[in-house]
Amino acid sequence: MLTPEVPMSHSVAGEPPSAGRRAAPSTTAVYSAAEWDLLTGLPGRVLVAAAAPGPGRLERGVTASLAGLDAMAAGRASDSDLVRAVVAAIYARHDGAPQPAERLTDLVDLLAACRAASRVLHRRADPADSAAYRQWVQSVAARVCRAVPGVGAHRVDPPASPADRRFLDRLGAALGLG
């Protein structure tokens, strides 16, 4: 289980940053347990919402979910200490119990969670880590929305419907990206 506060002053495993990655800033961001749950639960919630069928949206399947999981896993290679730590925390959850932040919610709740995460990041994170996290979360949704059902997890095309574009635009705005 996570400790109440998670400092971001070093790499995920505690060793110095690997070659090519910048060291975390000297002023470390510290997150409360509730903030950390929000940050680690949001990517999964975004994946679920992006994969959910809705009016004007394509029926999603395994291909879209795999594309989203692949996008989440891609965060392991991020230059951002924060993104790598969030991905490590997501993968470290092994007890199978649903996390409070991972419940299925409607779009309004998801967008509110995105705005809350953006506020937390604005207050506590290094600006580069904040931007990297928010862009990474948006990329999870974009990969899901661009996945073409039935053609393999690695084939992606532009969003197929205006509803998908509206979803991505609203998500980006809630994350403070546009």
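Oppositely charged side chains may form a pair once their charged atoms are brought near each other. All chains considered together, the criterion is met by four salt bridges. The salt bridge involving glutamate 35 is made with arginine 124; its shortest N-O contact spans 3.0 Å. Within this pair, whereas glutamate 35 is found in helix H1 (residues 33-51), its partner arginine 124 is found in helix H4 (residues 107-124), the two being separated by 89 residues in sequence. Classification of glutamate 35 by relative accessible area gives buried; the value is 10%. Salt bridges linked by common partners bring Glu35, Arg123 and Arg124 together as one network.

The end-to-end C-alpha distance of helix H3 (residues 81-92), which contains 12 residues, comes to 16 Å, matching closely the 16 Å that a straight helix rising 1.5 Å per residue would cover. Buried residues dominate H3, accounting for nine of its 12 residues. Within the sequence span of H3, burial applies to Asp81, Leu82, Val83, Arg84, Ala85, Val86, Val87, Ala89 and Ile90. Buried residues belonging to H3 abut strand E2 (30-31), H1, helix H2 (62-74), H4 and helix H5 (127-146). By the N-cap criterion, in which a side-chain oxygen at the helix start approaches the backbone nitrogen of a residue two or three places on, H3 is capped by serine 80, the distance to leucine 82 being 3.2 Å.

This part is about the packing of aromatic side chains. A complete count under the given rule lists two aromatic pairs for this structure. Their ring planes at 40° and their centres at 5.9 Å tell us that tyrosine 31 and tryptophan 36 sit as a pair that is tilted. The exposure class of tyrosine 31 is buried, given its relative accessible area of 1%. Taking the ring centre of tyrosine 91 as reference, the NZ or CZ of arginine 76 above it sits at 5.4 Å.

Calculation criteria
- Residues numbered from 1 in each chain as written.
- Predicted model: local features only at pLDDT ≥ 70, side-chain atom pairs only at ≥ 80, totals over all residues.
- Heavy atoms only, no water.
- Salt bridge = Lys/Arg side-chain N within 4 Å of Asp/Glu carboxyl O.
- Helix = DSSP H or I, 4+ residues; strand = E, 2+ residues; numbered from the N terminus.
- Buried < 20%, exposed > 50% of the residue type's maximum accessible area, 1.4 Å probe, protein only.
- Expected span 1.5 Å × (residues − 1).
- Contact = heavy atoms within 4.5 Å.
- Polar contact = N/O pair within 3.5 Å; in protein donor to acceptor, adjacent residues only side chain to side chain.
- Phe/Tyr/Trp six-rings, centres within 6.5 Å; stacked < 30°, edge-to-face > 60°.
- Lys NZ or Arg CZ within 6 Å of the ring centre and 35° of its normal.

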